[in-house]
Amino acid sequence: MNYRIFLVLIFFSFYSFSQKEYSVTAKSGLSVRETPSIAGKKIGKLEFDEKIVLLEETDFSFSTEHINGFWVKVKSNSIGEGYVFNGFLKLFTGNNIKYTLKDGEDLHKELIATVNGKETVLISFEDEACFDLIEIQDYDDDGYEEVLLEANACGGNCCGNSLFTFSFNGNEFKRSANKGYYFGGMNLNYDQHTNRQFVVETNAIGAGNTALCEDLEETYVFDTHDFKLIESKGDHKLSALIELKSSDFLSQETGTEYLTIAYDLDGNGVMDQISGSYWERWGILNDCTIVLNNEALEIEAIGSPKRIGVLASKTNNVNDIVIECDTVLIWNGINYVEK
């Protein structure tokens, strides 16, 4: 055999072997485009659960809903070659694990895994657990699919949600630790190499929780039957000249309904006032009011934070206001608005 031809055959075999097969997870199908962009010409649509081969990764990112990822070049039997968003792909393993979710009373659920005809109850009705099945994927590329679940408060608003998984090691199922404590959902991202990332928040909120600027946004990957932290971002707290906090009420005598701080916001020699009450149910301020030159302002942007503070910076010769950790309100000449 010619030596050059032999080298080409070796390279072709390696390239083909390195290609991975994926399936489409978008229920409504996945658009295929001519170029790696949402503006690219649409050349077809892949059906839900259709199998494709990933040919090439790109540097072009894209986001939709709570999913971030990248454009990748794929090949399908139905359309041929084109570019798709990898946020709606999952590695095809062909494994024999089947996860079944059953609904019970009081929003409680049961989760059953079936492997080679053998059933294992992972979460029973007796556990009185409330959770949703988010997705089923092989996160660690070991040939067995994990099931991603989101624990919730059984229809109430007392408590935040959290993520956890079950995975199979070939002999038994392993449950991961719960991650996050959030009220606003999570992001399921793909990195540039189509590896799943889980972005969850930990919110310092709940009955009597006055902790300030302790929220976290953490990014995990799945590794050896559990979540592995790869990035953590905390709140950035702006320094205030004077501030009113929900925690101030904890040191007051029982029965104190309102607290007030005073500061000359526009520098005209008249002390202005910032006041609020305490909502113990969520550990936050409520009925927050700013009185400027004896006029109570109606400021929709204030909401119910844990802190209102006066910043040293000014806009139109009036001190800026900070809400929570770093949300800034500026004076537009008529009222305070979010910067």
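(A) How the structure looks around the state of the cysteines. Tallied over the entire structure, the rule returns two disulfides. Paired through a disulfide, Cys-130 and Cys-154 show a sulfur-sulfur distance of 1.9 Å. Residues Cys-130 and Cys-154 are joined by a disulfide whose S-S torsion is about 105°; by sign, that bridge is right-handed. Residue Cys-130 is found in the loop between strand S10 (118-123) and strand S11 (131-137), and its partner Cys-154 is found in the loop between strand S12 (146-151) and strand S13 (161-168); the two are separated by 24 residues along the sequence. A relative accessible area of 5% places Cys-130 in the buried class. Residue class for Cys-154 comes out partly exposed when judged on its relative accessible area of 31%. Each sulfur of the disulfide joining Cys-213 and Cys-325 lies 2.1 Å from the other.

(B) Here's a closer look at the environment of Ile-321. Tracing the backbone shows Ile-321 in strand S26 (residues 318-323). Each C-alpha atom of the pair Ile-321 and Tyr-336 lies 8.2 Å from the other, and the pair is 15 residues apart in sequence. For Ile-321, the contacting residues outside a window of four places in its chain are Leu-265, Ile-274, Ile-290, Ile-308, Gly-309, Val-310, Leu-311, Thr-327, Val-328, Leu-329 and Tyr-336.

(C) Summary view of the sheet that holds S10. Taken together, the three strands give an open sheet; going across it, the order is S8-S9-S10, and neighbouring strands pair in antiparallel fashion. In this open sheet, the two strands that pair with only one neighbour each are strand S8 (97-103) and S10. Sheet twist, expressed as the average angle between the axes of neighbouring strands with direction ignored, equals 25°. Across seven bridges, S8 lies against strand S9 (residues 109-115) in antiparallel orientation. Bridging across to S9, Lys-98 finds its partner in Thr-114.

(D) Spotlight on the nonpolar core. One finds Leu-265, Ile-290, Ile-302, Ile-308, Ile-321 and Tyr-336 to be the most contacted residues of the largest nonpolar core, which totals 21 residues. When contributions to this core are tallied by element, the ones reaching two or more residues are strand S21 (258-263), strand S23 (284-292), strand S25 (307-315), S26 and strand S27 (327-331). Among residues more than four places away in sequence, those in contact with Tyr-336 are Leu-265, Ile-290, Leu-297, Ile-299, Val-318, Asn-319, Asp-320, Ile-321, Leu-329, Ile-330 and Trp-331. Core analysis: the next-biggest nonpolar cluster, separate from the first, contains 18 residues, Ile-52, Leu-54, Val-84 and Leu-89 among them.

(E) Here's a closer look at a negative patch on the surface. A cluster of acidic side chains, namely Glu-105, Asp-106, Glu-126, Asp-127 and Glu-128, defines a negative patch on the protein surface. Within the secondary structure, Asp-106 is located in the loop between S8 and S9.

(F) Structural view of the environment of Ala-177. Inspection of the secondary structure puts Ala-177 in the loop between strand S14 (173-175) and strand S15 (179-182). When the C-alpha atoms of Ala-177 and Thr-165 are compared, they prove to be 7.9 Å apart, with 12 residues separating the residues in sequence. With residues near it in sequence (within four places) discarded, Ala-177 still touches Leu-163, Phe-164, Asp-226 and Phe-227.

(G) Fine view of the packing of aromatic side chains. On inspection of all chains with the given rule, the structure shows 17 aromatic pairs. Ring geometry for Phe-62 against Phe-85: centres 5.1 Å apart, planes inclined by 85°, an arrangement best described as edge-to-face. Linking Phe-62 in strand S4 (residues 51-64) with Phe-85 in strand S6 (residues 80-85), this pair joins segments that are 23 residues apart in sequence. For Phe-85, a relative accessible area of 4% gives the class buried. Put simply, the rings of Tyr-139, Phe-198, Tyr-220, Phe-222 and Phe-227 touch in pairs and so form one group of aromatic residues.

(H) Main features of unusual backbone geometry. You will see that Thr-224, though not glycine, has its phi angle at about 55°, which is positive. In this structure, Thr-224 sits in the loop between strand S18 (216-223) and strand S19 (226-234). On the accessibility criterion, Thr-224 (61% relative accessible area) is exposed. Here the phi dihedral of Asn-293 falls at roughly 55°; this positive angle occurs in a residue that is not glycine. For Asn-293, the location among the structural elements is in the loop between S23 and strand S24 (295-297). Among the residues examined, Asn-293 registers a relative accessible area of 35% and is labelled partly exposed.

(I) The arrangement of the pattern of salt bridges in detail. According to the stated counting rule, one finds 11 salt bridges in the structure shown. As a salt-bridge pair, Lys-20 and Asp-141 come within 3.0 Å of each other at their nearest N and O atoms. Of this pair, Lys-20 sits in strand S1 (residues 20-24) while Asp-141 sits in the loop between S11 and S12, and the two are 121 residues apart along the sequence. Its relative accessible area of 36% is what places Lys-20 among the partly exposed residues. Residue Asp-141 is classed as partly exposed on the basis of its relative accessible area, which comes to 44%. A network of salt bridges, in which partner residues are shared, links Glu-243, Lys-245, Asp-248 and Arg-307.

What counts, and where the lines are drawn
Residues numbered from 1 in each chain as written. Predicted model: local features only at pLDDT ≥ 70, side-chain atom pairs only at ≥ 80, totals over all residues. Heavy atoms only, no water. Disulfide = S-S within 2.5 Å. Helix = DSSP H or I, 4+ residues; strand = E, 2+ residues; numbered from the N terminus. Buried < 20%, exposed > 50% of the residue type's maximum accessible area, 1.4 Å probe, protein only. Contact = heavy atoms within 4.5 Å. Pairing = 2+ DSSP bridges. Axes fitted to C-alpha atoms, helices over the stretch in contact; angles between N-to-C directions. Core = buried A, V, L, I, M, F, W, Y, C linked by side-chain atoms within 4.5 Å. Patch = residues over 30% accessible without salt bridge, like charges linked within 9 Å, V, L, I, M, F, W, Y side chains within 5 Å. Areas by Shrake-Rupley, 256 points an atom, 1.4 Å probe, with all protein chains shown as cover. Salt bridge = Lys/Arg side-chain N within 4 Å of Asp/Glu carboxyl O. Lys, Arg positive; Asp, Glu negative; His and termini not counted. Charge placed at Lys NZ, Arg CZ, Asp CG, Glu CD. Phe/Tyr/Trp six-rings, centres within 6.5 Å; stacked < 30°, edge-to-face > 60°.

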